[in-house]
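Analysis of the macromolecular model
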Amino acid sequence: MTTAPDGQGPGSVPLSGVLLVGGGSTRFGSPKALARLRGETLAERGHRLLAEACDEVLVVGKAGELEGLPYPVVDDGAAGRAPVHGVVAGMRRARHDVVVALPVDVPLVTPGALRALGDARAVPDADIPLPGAYPGELLGVLEQRVAAGKLSLRGVNPVTLPLPEGLLADVDVPERLAELERPGHALVVGATGMLAGLTRELAARGHPVTSIARRPAGLGTAVTSVPLDYRDSEALSAALARAVEARGPLELAVCWIHTDAPAAPQLVAAALAPGARLVQVFGTRVWPLEDVPLHVAYRKALLGSTEGRWLTHDEISAGVLEAVDADQPTRVVGERDDRVAH
């Protein structure tokens, strides 16, 4: 399993992220950068993913072309359209030596994968140059190729870092974006107590939901409840495999797992589909996943208090659901107080 070397997020090598928005969107029929997925435009999503992985983010394309884009656009200065123009323009403006270039139409890529490409100064494959990292010493090579009319990025960076299959799926046509917009299979571990409301709401949103908990509870007919002691790693792995086979790839997992099951979060992460989110919920003690697989976007929801009292189950469910929707590395539910235990 490929994992991020130091979890996910900015690491020791400073990186400049370059979001490429200069494509013509010919097959898509309208500007892909402004198309929406899960409540945000593809440009906003790409910018957010790069910001999580890199130390600065530049948006590169045709200045003045995309009305409503909330970011300044660095003009690529080219009459034609090709990703290489954006990469070159980004490398010229970047503050850091290594640039991680991301096309706007690759929404399933994770911050961990982007960071890993940057740390390795690599591209996913000899035939897949984007998303990919381009160190400063390649700028001259790229400029010479463009001057000679060679607009392909293939083979420019010989260093490769294979990424999990499916992580680089693009959305060249609206139908593909519509597929990603459909509510996917969601897993809630520890769903029968304080996360019961969240579990029901995910089902109400149209997600096929699998609930794994030590004690079964009435969560409605739309939720498949699996009574299971998740401390049993073999049983948990088997249950996850059966859930995927029965209800499709797991695209979201929300986990409230006690510290007496240290292997469970890693088993859940391994079972998730490329680009899936894993939201781990913590009380006072925070014990995050150490080896985050590159195919997973890992998030932490930290439970606090409100007005000097414990949060109710309804408040916890609502707050964690907000964390799911926000899709940020860390979200605090209530007011964080290390003296409050859960």
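The coordinates are above.
Structure report, in brief. (Residues numbered from 1 in each chain as written. Predicted model: local features only at pLDDT ≥ 70, side-chain atom pairs only at ≥ 80, totals over all residues. Heavy atoms only, no water.)

**A short note on the nonpolar core**
Ranked by size, the top nonpolar core spans 35 residues in total, and within it Leu19 and Leu114 carry the most contacts. Contributions of two or more residues to this core are made by strand 1 (15-20), helix 1 (42-53), strand 6 (98-103), helix 3 (111-120) and helix 5 (174-181). Considering each element in turn, this core owes the most residues, five residues, to helix 1. Apart from the residues within four sequence positions on either side, Leu19 is in contact with Ala43, Gly46, His47, Leu50, Leu58, Val59, Val60, Leu102, Pro103 and Val104. Counting residues in each nonpolar core, the second largest holds 27 residues, with Ile212, Ala239, Leu240 and Ala264 among its members. (Core = buried A, V, L, I, M, F, W, Y, C linked by side-chain atoms within 4.5 Å. Buried < 20%, exposed > 50% of the residue type's maximum accessible area, 1.4 Å probe, protein only. Helix = DSSP H or I, 4+ residues; strand = E, 2+ residues; numbered from the N terminus. Contact = heavy atoms within 4.5 Å.)

**Some words on helix 7 (residues 233-247)**
The end-to-end C-alpha distance of helix 7, which contains 15 residues, comes to 21 Å, matching closely the 21 Å that a straight helix rising 1.5 Å per residue would cover. The complete set of buried residues in helix 7 reads Leu236, Ala239, Leu240 and Ala243. Take helix 7 and look down its axis: the buried residues cluster within an arc of 100°, on one side only. Exposed side chains of helix 7 directed beyond 90 degrees from the buried face belong to Glu234, Arg242 and Glu245. The elements touched by buried residues of helix 7 are strand 8 (185-189), strand 9 (209-213), strand 10 (223-227), strand 11 (250-255) and helix 8 (264-271). The N-cap residue of helix 7 is Asp232: its side-chain oxygen and the backbone nitrogen of Glu234 are 3.3 Å apart. Two residues or fewer past helix 7, Gly248 is found with a positive phi of approximately 95°. (Expected span 1.5 Å × (residues − 1). Arc of directions from axis to C-beta. Polar contact = N/O pair within 3.5 Å; in protein donor to acceptor, adjacent residues only side chain to side chain.)

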